[in-house]
Number of protein chains: 4
Amino acid sequence: MRIGVLTGGGDCPGLNAVIRAVVRRGVQDYGYDFIGFRDGWRGPLTGAAVPLGIPAVRGILPRGGTILGSSRTNPFKEPDGARRITGTLAEQAVDALIAIGGEDTLGVAARLHDEYGVRCVGVPKTIDNDLSATDYTFGFDTAVNIATEAIDRLHTTAESHMRVLVVEVMGRHAGWIALHSGLAGGANVILVPEQRFDVDEVCGWVTSRFRASYAPIVVVAEGAMPHDGDLVLKDAAALDSFGHVRLSGVGEWLAKEIERRTGKEARTTVLGHVQRGGTPSAFDRWLATRFGLHAITAVRDGAFGQMVALRGTDVVRVPLAEATARLKTVPLEVYEEAKVFFG
Amino acid sequence: MRIGVLTGGGDCPGLNAVIRAVVRRGVQDYGYDFIGFRDGWRGPLTGAAVPLGIPAVRGILPRGGTILGSSRTNPFKEPDGARRITGTLAEQAVDALIAIGGEDTLGVAARLHDEYGVRCVGVPKTIDNDLSATDYTFGFDTAVNIATEAIDRLHTTAESHMRVLVVEVMGRHAGWIALHSGLAGGANVILVPEQRFDVDEVCGWVTSRFRASYAPIVVVAEGAMPHDGDLVLKDAAALDSFGHVRLSGVGEWLAKEIERRTGKEARTTVLGHVQRGGTPSAFDRWLATRFGLHAITAVRDGAFGQMVALRGTDVVRVPLAEATARLKTVPLEVYEEAKVFFG
Amino acid sequence: MRIGVLTGGGDCPGLNAVIRAVVRRGVQDYGYDFIGFRDGWRGPLTGAAVPLGIPAVRGILPRGGTILGSSRTNPFKEPDGARRITGTLAEQAVDALIAIGGEDTLGVAARLHDEYGVRCVGVPKTIDNDLSATDYTFGFDTAVNIATEAIDRLHTTAESHMRVLVVEVMGRHAGWIALHSGLAGGANVILVPEQRFDVDEVCGWVTSRFRASYAPIVVVAEGAMPHDGDLVLKDAAALDSFGHVRLSGVGEWLAKEIERRTGKEARTTVLGHVQRGGTPSAFDRWLATRFGLHAITAVRDGAFGQMVALRGTDVVRVPLAEATARLKTVPLEVYEEAKVFFG
Amino acid sequence: MRIGVLTGGGDCPGLNAVIRAVVRRGVQDYGYDFIGFRDGWRGPLTGAAVPLGIPAVRGILPRGGTILGSSRTNPFKEPDGARRITGTLAEQAVDALIAIGGEDTLGVAARLHDEYGVRCVGVPKTIDNDLSATDYTFGFDTAVNIATEAIDRLHTTAESHMRVLVVEVMGRHAGWIALHSGLAGGANVILVPEQRFDVDEVCGWVTSRFRASYAPIVVVAEGAMPHDGDLVLKDAAALDSFGHVRLSGVGEWLAKEIERRTGKEARTTVLGHVQRGGTPSAFDRWLATRFGLHAITAVRDGAFGQMVALRGTDVVRVPLAEATARLKTVPLEVYEEAKVFFG
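Residues numbered from 1 in each chain as written. Chains lettered and ligands numbered in written order. Predicted model: local features only at pLDDT ≥ 70, side-chain atom pairs only at ≥ 80, totals over all residues. Heavy atoms only, no water.

1. Points about the packing of aromatic side chains
Going through the model one piece at a time under the given rule, you end up with 30 aromatic pairs over all chains. Ring geometry for Tyr-136 of chain C against Phe-140 of chain C: centres 6.2 Å apart, planes inclined by 15 degrees, an arrangement best described as stacked. Taking the relative accessible area as the measure of exposure, Tyr-136 of chain C reaches 12% and is therefore buried. In this structure Phe-140 of chain C comes out as buried when scored by relative accessible area, which is 3%. Relative to Tyr-32 of chain D, the ring of Tyr-30 of chain D lies with its centre 5.6 Å away and its plane at 50 degrees, an arrangement referred to as tilted. (Phe/Tyr/Trp six-rings, centres within 6.5 Å; stacked < 30°, edge-to-face > 60°. Buried < 20%, exposed > 50% of the residue type's maximum accessible area, 1.4 Å probe, protein only.)

Structure representation (structure tokens):
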């Protein structure tokens, strides 16, 4: 058996740990051969591939990123994409494919499996933790740890200068990183995409924190929006240095609004890419490794069209379609629970 | 309502986060008063208590240890212990008690509840993650992160000198820390209390690693034992500097055996107390905070004789008796899974 | 003797370590009393003060920020400022003042000493490491460690997506943080305020890195400027969401220029306030502690109008005037040395 | 020109950074060729060598250990050792040698240079920071950071259980790691090899700390000794599990003595090898990189028989003989300064 492996979408700590586990068990326990496709679906689309054996995966467990490269290429948006992929797989004598990626990457895998009979097994990946089919995805714990450490650091600056510090974290559609890092970091306000926020209410929490002689930290997911968000976005439009329209991020916008309405100095920190790079946390290495081990076993079992998922402490299999069916957002009652720490 | 809180057993990152969450929700949402008992069950036994309000829990979220102190005092081993406790609770007008601790602390809470009608709610705590009633306990993730970071560091020393490095981690009865940190750290051998090990087999893995031109890391739980462990323990007995019998730990013993049998240099690192101290990981702060929030709600709901537990991503309630019913050990199949990385 | 202590300017990891060392030695070895003035020079200006004894400094060594608060208040810009300060000192029976701060704070101390006879000892503080009178200032090492860790993390993202990552670090007038973290993080281009840069040359280094099949990290100090910087600033001016003129930071601007000129995707990370908050590195705790010990000894010795400074491994005294006399910038030959790693 | 490079003695974070800097500048600026000798002096002794070009040094900057391996082999203790080395150098057409190591490794380089005309340049390396010719050696700052972080963690355990925690750190002949990490970690007692300690005095500090309602941390260098140390060592001798004499380390011994004399519970943590492994701190990467750049320039300048050294913020050259002439120990007055924090 010859197995192809690819990683698609944004990079995420733990991708290499999956690849390593797949190859180690595949070679040692099942006697498989491996081929690594480069840059997500671009690899099987163009034939770009690298050999993938035990020497190639030595030492990659603690490394962030992916040794196979990644891209957001969608073969169904390329002319004749699906057929070119099946062509590459036939040429390279690839019997099955392990696709490691998020909604988009796995969506392609599902279609290739359902419509073209490609024997795919999926491994879910999203730093945002917003896939409904699995309790957690790897990369998320690392991102939360990094954001929490940043919030820890910002507390002392906020207190020393009695300033508001707004921290913008990742999370376009789901507020998991904001919620977990905000709770873990002792933030005084947490804003998530799942619930539009009221700026005056935010200012109320900020003010009440100052009254208690402490300085507030406001954690805001990049996808969080005020009640009147559409208006805001229009207002926030400005010309950048090339004359293009430029939107301030919500963090920057919110800091200005807080300054304006409360009269307190406010500063923004946008954590950005540091949240998704670097060595994975122990939890993510463990989860990614277990996902890898179970994915190659799924291949051995012929469980195609499925992906691995975490349920409690067990790794189980679910249909690929499930992965992309529904966004896993922060439940309202969990978010409400956090509000006891606001203000 | 007036609620007592105590922390018992070994310290564990996250205890303060539980206390804070209990008090914040209890005061703000339910209007309760709190009293903190000092040093586990010694507090209600002797009457040693401190006021516990919102000012007392400010800023303690990121701090390891416990602001209430801890001890291993068991009131059922003290003369008239249970009666002295009910006496203190009556005197202090305490309506309910939240006990945060492991098997022993919660076992006392269960008996006080069942036999003396003390209104107790439990919060499970064990750094070893060996309580069967909950998917995870807080403190465990922090310990695994610390052990993993140490293993990361030891790899480079092992490689530079082509030495065996044996790392002894916590885990007297269950190998969770060894298994998770060993897998996350890329150890070449992992030994757990759940399965007696064969020293020659260990030496085989060590030798095979050297043949591949790499140096091995052996992670061993403090409670792991060789096949002929009882004999070993007798042999290992030596007189310490005060003339008392002294047992070498298993790590030290194993390093010597590996040296003797393989002729390779071997060194031991015993991680010890650093695994249980210091600031909790983001996951542990999150879990401890949620446990605290749900524990005080259990009090409000009159769910006495119960404790909070994690199931998947939900916090649920289980009878206190369950917590201590069965040790959660590493399942054999999960341990076997890890062996693909041995050698 | 009764000694006043204040901290001025931007916060910086290590301020609390100085305060603690001053008070510990002052109380224990010399029998002094202490008073802490709040928020830099605002404290003696308005009389805002807090008691400062050994209990107040317990446990503050590892904490970032300053327990005394800080501000940029300059008494010489306030009506009757100097006289109000001498008034407060007389009222509070303060015999001498320890001022911990940067150029501005120490400049005020120097004038108060020279013109009003206030008995001041200074402790230099700048996260930017740009005071010429001392080899290093505390806070700098912490900032460099944080920036280096961020660069470590960004490498894997850059490689996975074959993108340029631009990291903007602190340093308005001196490039020390950029230089040290850039070198330590293995950056491929480092840009400092001391030397205007040529965007085409930067693009050359970027392109050469891609040719070697790696992705470049560009570290840029916030104060670095292109050759034609003045023009750029004008062009970069844009209206923010409130209709005010807004300047893109140099990092954001540079990323866009690199994209435009090389056709490669580029992203910016602005590290911002996380560089100056949180627990100090071991080096900074050591340096701050030694500065504190020597500052209070300078008071005992009557060495007023002076400040402590690091020379090699020794703490020495230099006139306060020296601290502010000349900015310590990165010497050209040291910057040139780093260029061997560019591209 | 063809340059040999070797690393000798115990491993140390920063060795790879030196190798990388040597090769980068050597190849790019001077057009040199390189050869890497394996395992310290064993390499040129036996001819074991690896090619060393820019591809070999890619990505090694943040990695601990040494890609060249290390050993404590002393050619002057091998039959015909020096002649075999000059033979290898001639065979391999090596024009000059860069030896990176501590007292022993550099001592060999000095003799080879002085007695056999081998063109050597040295780079000093000792994690203990005990070379008198340089202000700091790389690896030291990393070790101090690791030890400080461990002490930070142990504080919370000590406080929660009101126990004494004894931390044994590296430092056989000099107490630099103990002093710096002890001061940075807020230890309550610091014991160094430079001054024999009195156990009763230690117990006095311990007791006074408990009286203030805090729990003490005692940091002890592995080479620290009580006043009556020789007796102690004899008493501490015990038979290990193989019937060999075994000495308890000073940390373990001291914890028992403190328990016996004060009646307080005491525990020991021996940090061991984790202090010398893993990724270097930013300071160490910077220092190692600068040492590497200046070492290859010394080769170009024909400055043989010399080594690079740090003086203030400058890298200078000193005769190799100086490196080994005198141990740099902690000056008594610096140690005395630290005592204000004892107890």
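2. What to know about the interface of chain C and chain A
Across the boundary between the two partners, chain C contributes 43 residues, which contact 43 residues of chain A. Across the chain C to chain A interface the summed buried area is about 3300 Å²; carbon plus sulfur atoms make up 53%. Along the contact surface separating chain C from chain A lie 0 salt bridges. In this structure, the connection of chain C to chain A is made through 16 residue pairs in polar contact (both at pLDDT 80 or more). When residues of the side of chain C that touches chain A are traced back to their parent elements, those giving at least two are helix H6 (140–161), helix H9 (229–236), strand S9 (237–239), helix H10 (250–262) and strand S11 (266–270) of chain C. The element that contributes the greatest number of residues to the side of chain C that touches chain A is H6 of chain C, accounting for 10 residues. (Contact = heavy atoms within 4.5 Å. Buried area = accessible area lost by both parts, 1.4 Å probe. Salt bridge = Lys/Arg side-chain N within 4 Å of Asp/Glu carboxyl O. Polar contact = N/O pair within 3.5 Å; in protein donor to acceptor, adjacent residues only side chain to side chain. Helix = DSSP H or I, 4+ residues; strand = E, 2+ residues; numbered from the N terminus.)

3. Some details on the packing of helix H1 (residues 15–30) of chain B against helix H11 (residues 282–300) of chain B
Residue and element names in this part refer to chain B. Contact geometry of H1 with H11 gives a least axis separation of 7 Å together with a crossing angle of 40 degrees. Taken together, the axes of H1 and H11 are oblique relative to one another. Crossing hand, H1 versus H11: right-handed. Along its contact with H1, which presents Ala-17, Val-18, Ala-21, Val-22, Arg-25, Gly-26 and Tyr-30, the element H11 presents Arg-285, Ala-288, Thr-289, Gly-292, Leu-293, Ile-296, Thr-297 and Arg-300. Of the residues contributing to the contact of H1 with H11, the split by class is 8 nonpolar, 4 polar and 3 charged. (Axes fitted to C-alpha atoms, helices over the stretch in contact; angles between N-to-C directions. Parallel < 35°, antiparallel > 145°, perpendicular 65-115°, else oblique. Left-handed = near helix turned anticlockwise from the far one by under 90°. Nonpolar A, V, L, I, M, F, W, Y, C, P; charged D, E, K, R; others polar.)

4. Digging into the relation of the copies chain C and chain A
Note on the identical chains: chain C maps onto chain A by a rotation of 180 degrees and an axial translation of 0.0 Å, with an RMSD of 0.0 Å. The transformation relating the two chain copies, once decomposed into turn and shift, fits a two-fold axis. When the interface residues of chain C are mapped onto chain A, 100% of them are again interface residues, pointing to one common binding face. (Least-squares fit on C-alpha atoms with pLDDT ≥ 70 in both.)

5. Some words on the pattern of salt bridges
Residues and elements named next belong to chain B. Counting across every chain of the model gives 84 salt bridges over all chains. The partner of Glu-336 in a salt bridge is Lys-339, with the nearest N and O atoms 3.1 Å apart. Given the relative accessible area of 36%, Glu-336 is considered partly exposed. Its relative accessible area of 22% is what places Lys-339 among the partly exposed residues.

6. So, the environment of Glu-159 of chain B
Residues and elements named next belong to chain B. Its place among the elements puts Glu-159 in helix H6 (residues 140–161). Between the C-alpha atoms of Glu-159 and Tyr-214, which are 55 residues apart in sequence, the distance is 6.3 Å. When residues no more than four places from it in sequence are discounted, the contact partners of Glu-159 are Arg-209, Ser-213, Tyr-214 and Ala-215. In this structure the side chain of Glu-159 is engaged in a polar contact, spanning 3.3 Å, whose partner is the backbone nitrogen of Ala-215.

7. Digging into the UniProt feature "binding site: Mg(2+)" (unreviewed entry) in chain A
Residues and elements named next belong to chain A. Taking the numbering used here, the UniProt-annotated feature "binding site: Mg(2+)" (unreviewed entry) corresponds to Glu-103. Relative to the helices and strands, Glu-103 is located in helix H5 (residues 103–116). Ignoring anything within four residues of it in the chain, the contact list for Glu-103 reads Leu-131, Thr-324 and Leu-327. (UniProt positions renumbered as here; feature names shortened; annotations may be inferred.)

8. Re the domain arrangement of chain A
Residue and element names in this part refer to chain A. By the assigned domains, chain A splits into domain 1 (2–139 + 280–325) and domain 2 (141–277). Centre-to-centre separation of domain 1 and domain 2, based on C-alpha positions: 34 Å. Here domain 1 meets domain 2 over a buried area of about 1000 Å², counting both sides, of which 50% is carbon and sulfur. Among the residues of domain 1 in contact with domain 2, Asp-11, Ile-127 and Asp-128 are the three that bury the most area, contributing 41% of the side total. Inspection of the region where domain 1 meets domain 2 yields 1 salt bridge. Between Asp-11 and Arg-276 there is a salt bridge whose closest N-O contact spans 3.4 Å. Linking domain 1 with domain 2 are 8 residue pairs in polar contact (both at pLDDT 80 or more), by the criterion used here. (Domains from an automatic or database assignment.)

9. Points about the sheet that holds strand S6 (residues 164–169) of chain D
Residues and elements named next belong to chain D. Pairing is parallel across the open sheet formed by 4 strands, whose spatial order is S7-S8-S6-S11. Each of the sheet's edge strands pairs with one partner strand only, and the pair in question is strand S7 (189–191) and strand S11 (266–270). Taking the axes of each pair of neighbouring strands and ignoring which way they run, one obtains an average angle of 15 degrees across the sheet. Relative to strand S8 (residues 217–221), S6 runs parallel, the two being bridged by 5 bridges. Its bridge partner being in S8, Glu-168 is matched across the sheet by Val-220. Sheet strands in contact with helix H7 (residues 176–185) are S6, S7 and S8, and its direction is about 170 degrees off that of S7. Of the strands in this sheet, S6, S7 and S8 are in contact with helix H8 (residues 199–211), which crosses S7 at around 160 degrees. (Pairing = 2+ DSSP bridges.)

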